[in-house]
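Architecture at a glance
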Amino acid sequence: MKILQISPKRLILGITLIVLGIIGVYFLFGMIIPPNNSQTGVSPATTQENSGSYCFIQEVQPDFIGNSVIVHLTDDDLEDFPVIGKFIRNPGNFSKTWHNGHRTVGDFTDYQHQYSDFRNLSCRNISYEECHARQVPVVFEYDGRYHEISCLPDFGGAHQMRDS
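Residues numbered from 1 in each chain as written. Predicted model: local features only at pLDDT ≥ 70, side-chain atom pairs only at ≥ 80, totals over all residues. Heavy atoms only, no water.

1. Topic: the state of the cysteines
Formally: Cysteine sulfurs are considered disulfide-paired once they come within 2.5 Å of each other. Secondary structure elements are defined from DSSP: runs of H or I of at least 4 residues count as helices, runs of E of at least 2 residues count as strands, and each element is numbered from the N terminus. Note on exposure labels: buried denotes an accessible area under 20% of the residue type's maximum, exposed denotes more than 50%, and partly exposed covers the range between, all computed with a 1.4 Å probe on protein chains only.
Inspection of every chain in the model, using the stated rule, returns one disulfide. For Cys55, the disulfide goes to Cys151, at an S-S distance of 1.9 Å. Where Cys55 bonds to Cys151 through sulfur, the torsion about that S-S bond is close to 110°, and the disulfide is right-handed. Placement of the pair is Cys55 in strand 1 (residues 53–60) and Cys151 in strand 5 (residues 145–152), with a sequence separation of 96 residues. By relative accessible area, which is 0% here, Cys55 ends up buried. What makes Cys151 partly exposed here is its relative accessible area of 27%.

In structure tokens form, the structure reads like this:
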């Protein structure tokens, strides 16, 4: 009677392939069938953390403003937008490095979708049609410093934030 002999290399290779196969099936199954959130009573479509846009605020040196609409902000303007106002009033030490006349002073997730309302401050002295027909960038001035704000769609909560 002949005993089947398996070399140690083939045994390790076989075990490795089995483990990789199990892990691959687990990930494939997880991608096809989403996890069940019924235990928490919250559906993914209604969670607040998955419904905001990622926004960042950059300070702009005056020489790099170019052909932009400049909106002069007051404390009253920033009162309605505390998250944005926090970074515009006090940029902190988020980024001390300037790149092409810009430096990042803050970022946030716009859960309440207030950025569009904030941007509409640039339209307070013109008609709705004129405001939406305008295709120039908007720069916000507060206390002698100029800021640009940009927001990106959330893409299902794929980004990680430093929000506190």
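2. Examining the pairing of strand 1
The cut-off we apply is this: We treat two strands as partners when DSSP finds at least two bridges between them.
Among the eight residues that make up strand 1, six are buried, leaving the element largely enclosed by the rest of the structure. Sheet analysis places strand 1 next to strand 3 (residues 102–110), joined by eight bridges and oriented antiparallel. Looking across to strand 3, one finds that Gln58 is bridged to Thr104. Inspection of the sheet shows strand 1 paired to strand 5 by seven bridges, in the antiparallel sense. What sits directly across from Ile57, in strand 5, is Ile149.

3. Considerations on the pattern of salt bridges
Side chains carrying opposite charge are able to pair once their charged atoms draw close together. Just so we agree on the cut-off: Any carboxyl oxygen of Asp or Glu within 4 Å of a side-chain nitrogen of Lys or Arg constitutes a salt bridge here.
Counted according to the given criterion, the structure contains four salt bridges. Arg103 serves as the salt-bridge partner of Glu59, at 2.8 Å between the closest nitrogen and oxygen. With Glu59 in strand 1 and Arg103 in strand 3, this residue pair connects regions lying 44 residues apart in the sequence. For the residue pair Glu59 and Arg103, the accessibility class agrees, reading buried in each case. Arg89 is the partner of Glu79 in a salt bridge, and the nearest nitrogen-oxygen pair spans 3.7 Å. Here Glu79 is found in helix 2 (residues 75–79), whereas its partner Arg89 is found in helix 3 (residues 82–89), with ten residues between them in sequence. Looking at Arg89, the relative accessible area reads 35%, which means it is partly exposed.

4. Examining the confidence of the model for the protein chain
The condition is simple: As a per-residue quantity, pLDDT reports the predictor's confidence and falls between 0 and 100. Whether two residues are in contact is decided by their heavy atoms, any of which lying within 4.5 Å being enough.
Counting all residues, the mean pLDDT for the protein chain is 77, and 73% of those residues have values of 70 or more. Within the protein chain, strand 4 (residues 138–142) carries the highest mean pLDDT (91), whereas helix 5 (residues 128–133) carries the lowest (70). Scored below 50 in pLDDT, residues 37–49 makes eight contacts in the model with residues more than four places away or belonging to other chains.

5. Here we look at the sheet that holds strand 2 (residues 69–72)
What links the strands of a sheet is backbone hydrogen bonding, and the strands pair in either a parallel or an antiparallel sense. To keep it simple, the criterion reads: In this analysis, axes come from line fits to C-alpha atoms, helices being fitted only over the stretch in contact, and the angle between any two N-to-C directions falls in the range 0 to 180 degrees.
Spatially, the five strands line up as an open sheet ordered 2-4-5-1-3, and their pairing is mixed. Looking at strand neighbours, the two that pair on one side only are strand 2 and strand 3, the edges of this open sheet. Across the sheet, the mean angle separating the axes of adjacent strands is 30° when strand polarity is ignored.

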